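Listed below, chain by chain, are the residues.
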Amino acid sequence: MMEEGHMQTKILSDKTHWIYDDLTQKVSTLIAKIVTEINIKEAEETFNNVLVILDDINKNIVKEYGELKRNSEWDRFTIAFYGETNAGKSTIIETLRILWKDREKIASCKKFKEIQEKYNLTQENFDSISNQIDRLEDEIANKLAEINKIDFDTKRLICEKKEAIKNLQAKNETKILSKQRWNKVKKNTKFDTDIRIENTKLRCLRSERNNLRQNNLVDYILLKQELEDKKILQKSLFEQKELLKGLEDGTIIGDGRPDFTKTNTIYSFNLNDTIVDVIDVPGIEGNEGTVVDEILTAVQKAHCVFYVTRKDTAPQTVNEKEGTIQKIKRHLGSQTEVWTIFNQSIKSLRRLNKELVSEEELSSLKELNSVMTNQLGKETYCGEVILSAHIAFLAVGKCFVPGSKYSKERANFTSKFSPDLMYELSGFKEFEKKISDEIITNKKDKILKSNYNKAKFVLSGVINKLDFIRNKQIEPLWEKMNEAYESAIEVIDREEKTIKSALDKFHRNWLHSLVSKCKKELYEAIDEGIENEEIEKLCKEVASKNIGLMQKDYEKGVGNEVNKFNEEIKYTIKNTFKYYDKLVKINNKLEINENYHFEYDFKSGFKPDELTAPIIAAIFAIIVVGSGGTLAPLAIAGLVVSWVHGLYKSLKGVFSETYKKNQQKEAVDKFLKNMGKDINVKLNEEKKKIENQIIIGCKDIKHVIEEPVEKINTNKKVIEKTIKELNRLKSRRDWLW
């Protein structure tokens, strides 16, 4: 049995690249066969709507299988990280790139370190330069304050010295003025000496203060030059730091803007001798219209999908429109392995000290798992993974630009936690182990199962849409129209019985009236006195006259009944088709979120008169005299002769006047009885013809009323047959997993 299983897998593997072409051919052949079975004469009218749907089905299947063939991956196990915008997909992938030694990542990191070492672009060097600049700026400020103080003190001391000299001079002048007894003032050499000494001291003070200021000014200039040199060095470092950008860890991580990732990016790794492709998929909650093709391409390639979210709550529907959960079902419904990653957001040291998830969050995640299982199925949805990608990334990342956000955050966390402990606390270690030890094992079978399931999912999607059209459009429309049809048939059958009964009654009344009129006239003639030999002639004249007179009444009476019937039938036809038209318009305006829509092309401009006119014309052709009706003179001439024949012979040998009149009246009664009997036979024959025309006409009317209903029913049967055949194809074991 094991060998047989391996052989079957091998056969399937050999067929892998042909599966989509094979299925496309099978579906096209199936639909072509169904179309061929449709009656060609009726195809354009009866089946036009369903033929459009079948053609759309074929085109869509060809398109979807073409996309699967183009996008599917058969050799490399492919994992897609899919989910909400800014959920952390790229952060997880960047962490994996570092851990799994992505070749591009290794090369960029090597280049990063070379540039860093060449220009000494370390955080320590940046901090040292910054500290030196801060120190120099402080020293310059202090030196400038010292120079200002020297200037202030110099000015004060000079002013004091000048004031002392001025005082000496004033004192000298006072003494000269007090020696008025001499004619000539004798010069005071002592004061001159003192003043000279003070002036010498002033010059020395100025020289000393200037030297002190000059020395401090030199120090100030040297400090300014040193500061300028440090700033130039710092600027150079910042310029050289730009060389690191694009090489640092985290370049693929979004910056918070919507749709940072707009295209699929694939990273390849070798894990345990297994080539694994990882796809970074654009976010599904940004502007999906710009990235929908990228999303579908990614999930068509993927054999395992991780749905990444920062929310512990189940995905929701937004404002009755397509929400996250509907997108997940639409995008991931064909997958065979889907996991949820709850990416816990941790930004503080205090939060990292706590458990990765709280009891409340675990309870919410349980509900999330339930919703995902309901949407994707137990076989597809595998459960949740809990981690903090940001902490794991900071723990394993080593190439961070000095002064960058990541560099600062890493320094903050590593001040309290070692990188190894951070990685342990992030939950990423268990996630990495799950991928390598669980998810990528049995790679070949998983790839086969995943790709065949996608092929099967395309058929299931078409079948579901056809089921929806049948159950939500065609079936309700057919049921309501069929109810209207059956109601119309009941009315027509009832009117058919009504007119038959009315014609019976009218015939009886008309014949009774005819016989009564003839009897009255003949009895009056007999009472007035009439010879026996005149009785035959009189009966003939009275019968012919009254039949002629009542012919118009007959035509009018039958016509009235027929017209009543006609109006009822026209009213029924008009209302039925009006209701058909209303139902069809409602159906055609249904807003349905499906690729296929059944729109019934109903011709509502139908005129009931056109349907009943042939029946009425045929009936009046029967009853109108001018058209050779039953009661036309030529038709009854022979009958009148037969009615009066033998009347005279039956009256011979009668002598009593009273007895004669009684005998004559008996003869008249016999005459009228024969006349009534024969006319009744003729009337019944005519009535039978009228009823036959009514039956034929009603049958045609019923067919016309039934035709729209039957067309929809026929379309329904074609849809049902298509569903049945597609289900049979989907269930075949010679190509499905």
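All values derive from a computational prediction rather than experimental measurement.

Visitor: Sorry, what's going on with the overall build of the protein here?
Guide: In terms of regular secondary structure, the protein is built from 22 helices and six strands. For the protein, the residues scored as buried account for 45% of the 737 residues in total. Pairs at least 24 residues apart make up 83% of the contacts formed inside the protein by residues separated by at least 6 positions. Total accessible area on the protein stands at roughly 40,600 Å², and carbon and sulfur atoms take up 50% of it.

Visitor: Honestly, the nonpolar core in this entry has me stumped. Any pointers?
Guide: Within the largest apolar cluster, 121 residues are counted, with the highest numbers of intra-cluster contacts made by Phe81, Ile92, Phe306, Phe431 and Ile435. Among the elements that take part in this core, helix α17 (residues 443-528) stands out by supplying 29 residues, more than any other. Judged by nonpolar contacts, the second largest core, of 25 residues, contains Ala80, Ile279, Val281 and Met372.

Visitor: Any chance you could explain the pattern of salt bridges here in plain terms?
Guide: Counted according to the given criterion, the structure contains 33 salt bridges. A salt bridge links glutamate 475 to lysine 716; the shortest N-O distance between them is 3.6 Å. With glutamate 475 in helix α17 and lysine 716 in helix α22 (residues 657-730), this pair connects stretches of sequence that are 241 residues apart. Across the pair, lysine 716 and glutamate 475 agree in class, each one buried. A network of salt bridges, in which partner residues are shared, links Glu94, Arg97, Asp102, Glu104, Lys105 and Asp249.

Visitor: Looking at this model, I keep getting lost on unusual backbone geometry. Mind explaining?
Guide: Backbone phi values are negative for most residues with the exception of glycine, while trans is the configuration of most peptide bonds. Even without being glycine, aspartate 273 reaches a positive phi, approximately 65°. One can find aspartate 273 in the loop between β2 (265-271) and β3 (274-280). The phi dihedral of asparagine 442 is positive, around 55°, even though this residue is not glycine. The topology assignment puts asparagine 442 in the loop between α16 (428-439) and α17.

Visitor: Explain the packing of aromatic side chains here, please?
Guide: Summed over the entire model, instances satisfying the criterion amount to 13 aromatic pairs. Between the aromatic rings of tryptophan 100 and phenylalanine 269, the centroid separation amounts to 5.1 Å while the plane-to-plane angle is 75°, which identifies the pairing as edge-to-face. Here tryptophan 100, found in the loop between α5 (89-99) and α6 (103-118), pairs with phenylalanine 269, found in strand β2; they are 169 residues apart in sequence, far enough to count as distant. An identical accessibility class is assigned to tryptophan 100 and phenylalanine 269; each is buried. Judged by centre distance (6.1 Å) and plane angle (35°), the rings of phenylalanine 506 and tyrosine 554 are tilted. Here the residue phenylalanine 506 occupies a position in helix α17, and tyrosine 554 occupies one in helix α18 (residues 532-588), the gap between them amounting to 48 residues. Classification of tyrosine 554 by relative accessible area gives buried; the value is 0%. Here the aromatic residues Phe81, Phe306, Tyr423, Phe428 and Phe431 are joined through ring pairs into a cluster of three or more. Just above the ring of phenylalanine 126 sits the side chain of lysine 241; from NZ or CZ to the centre is 5.3 Å. Here the basic side chain of lysine 716 rests over the ring of tryptophan 478, its NZ or CZ set 5.0 Å away from the ring centre.

Visitor: Just to check I follow, could you spell out the sheet that holds strand β6 (residues 381-387) for this structure?
Guide: By definition, the strands of a sheet pair up through backbone hydrogen bonds, in either a parallel or an antiparallel sense. Spatial strand order, β2-β3-β1-β4-β5-β6: six strands in an open sheet with mixed pairing. The open sheet has two edge strands with one neighbour each: β2 and β6. Taken over all neighbouring pairs, the strand axes of this sheet differ in orientation by 25° on average, direction set aside. When strand β5 (residues 338-343) meets β6, the two strands line up parallel, connected through six bridges. Residue pairing across strands places tryptophan 339 opposite glycine 383, the latter belonging to β6.

Visitor: Explain the state of the cysteines here, please?
Guide: Working definition: the covalent bond between the sulfur atoms of two cysteines is a disulfide. This model, assessed by the stated rule, comprises one disulfide. Each sulfur of the disulfide joining cysteine 109 and cysteine 399 lies 2.4 Å from the other. Sign of the S-S torsion, about 55° for the bond between cysteine 109 and cysteine 399, identifies this disulfide as right-handed. One end of the pair, cysteine 109, is in helix α6; the other, cysteine 399, is in the loop between α13 (389-396) and α14 (405-414), and 290 residues separate them in sequence. Neither residue differs from the other here; cysteine 109 and cysteine 399 are each classed as buried. Cysteine 518 carries a free sulfur, and the closest cysteine sulfur to it, the one in cysteine 539, is 8.7 Å from it.

Visitor: How should the side chain of threonine 274 be read in this particular structure?
Guide: Here threonine 274 lies in strand β3. Excluding its chain neighbours within four sequence positions, the residues that come into contact with threonine 274 are Phe269, Ile440 and Lys443.

Visitor: Can you help me understand the confidence of the model for the protein in this one?
Guide: Close reading of the predicted structure is inappropriate where its pLDDT is low. Residues at a pLDDT of 70 or more form 79% of the protein, whose mean pLDDT is 79. Ignoring residues within four places in sequence, the model shows residues 39-44, a span with pLDDT below 50, making four contacts including any to other chains. Scored below 50 in pLDDT, residues 180-185 shows one contact in the model against residues more than four places distant or in partner chains.

Visitor: Before we go on, may I ask you to explain a negative patch on the surface in this structure?
Guide: A cluster of acidic residues, Glu479, Glu483, Glu486 and Glu490, forms a negative patch at the surface. On the secondary structure map, glutamate 486 appears in helix α17. Given a relative accessible area of 43%, glutamate 486 falls into the partly exposed group.

Visitor: Looking at this model, I keep getting lost on α22. Mind explaining?
Guide: Since the α-helix advances by 3.6 residues per turn, residues separated by three or four positions end up pointing in the same direction. Spanning 74 residues, α22 covers 104 Å between terminal C-alpha atoms, matching the ideal 110 Å at 1.5 Å per step. Maximal helix bending in α22 amounts to about 40°, located at glutamate 707; proline proline 708 follows within four positions.

Visitor: For this particular structure, what's the right way to read the packing of helix α15 (residues 419-426) against α16?
Guide: Relative orientation and spacing of two packed helices are given, respectively, by the angle between their axes and the distance between those axes. Where α15 meets α16, the closest approach of the two axes is 5 Å, and the angle between their N-to-C directions is 65°. With respect to α16, the axis of α15 lies roughly perpendicular. Across from Tyr423, Glu424 and Ser426 in α15, the residues of α16 making contact are Phe428, Lys429 and Glu432. For the contact of α15 with α16, the per-class residue count stands at two nonpolar, one polar and three charged.

Visitor: What is the right way to read the environment of leucine 68 from this model?
Guide: In this fold, leucine 68 is placed in helix α4 (residues 48-71). Between the C-alpha atoms of leucine 68 and tyrosine 20, which are 48 residues apart in sequence, the distance is 7.4 Å. If near-sequence neighbours (up to four positions away) are discounted, leucine 68 is found in contact with Tyr20, Gln300, Lys454, Ala455 and Val458.

Visitor: Help me understand α13 in this model?
Guide: Burial runs high along α13: eight of the eight residues are buried. Restricting attention to buried positions, one finds in α13 the residues Ala389, His390, Ile391, Ala392, Phe393, Leu394, Ala395 and Val396.

Visitor: Would you explain the packing of α13 against α15 in this entry?
Guide: Two elements in contact, α13 and α15, have axes whose closest approach is 8 Å; the angle formed by their N-to-C orientations is 155°. Relative to α15, the element α13 lies roughly antiparallel. Note that α13 runs across α15; the crossing there is left-handed. Seen from α13, the contacting residues are Ile391, Ala392, Leu394, Ala395 and Val396; seen from α15, they are Pro419, Met422, Tyr423 and Ser426. Each residue belonging to the contact of α13 with α15 can be placed in one class, and the counts come to eight nonpolar, one polar and no charged.

The rules behind the values
- Residues numbered from 1 in each chain as written.
- Predicted model: local features only at pLDDT ≥ 70, side-chain atom pairs only at ≥ 80, totals over all residues.
- Heavy atoms only, no water.
- Helix = DSSP H or I, 4+ residues; strand = E, 2+ residues; numbered from the N terminus.
- Buried < 20%, exposed > 50% of the residue type's maximum accessible area, 1.4 Å probe, protein only.
- Contact = heavy atoms within 4.5 Å.
- Areas by Shrake-Rupley, 256 points an atom, 1.4 Å probe, with all protein chains shown as cover.
- Core = buried A, V, L, I, M, F, W, Y, C linked by side-chain atoms within 4.5 Å.
- Salt bridge = Lys/Arg side-chain N within 4 Å of Asp/Glu carboxyl O.
- Phe/Tyr/Trp six-rings, centres within 6.5 Å; stacked < 30°, edge-to-face > 60°.
- Lys NZ or Arg CZ within 6 Å of the ring centre and 35° of its normal.
- Pairing = 2+ DSSP bridges.
- Axes fitted to C-alpha atoms, helices over the stretch in contact; angles between N-to-C directions.
- Disulfide = S-S within 2.5 Å.
- pLDDT = per-residue confidence, 0-100.
- Patch = residues over 30% accessible without salt bridge, like charges linked within 9 Å, V, L, I, M, F, W, Y side chains within 5 Å.
- Lys, Arg positive; Asp, Glu negative; His and termini not counted.
- Charge placed at Lys NZ, Arg CZ, Asp CG, Glu CD.
- Expected span 1.5 Å × (residues − 1).
- Bend = angle between axes of the 7 residues up to and from the residue.
- Parallel < 35°, antiparallel > 145°, perpendicular 65-115°, else oblique.
- Nonpolar A, V, L, I, M, F, W, Y, C, P; charged D, E, K, R; others polar.
- Left-handed = near helix turned anticlockwise from the far one by under 90°.

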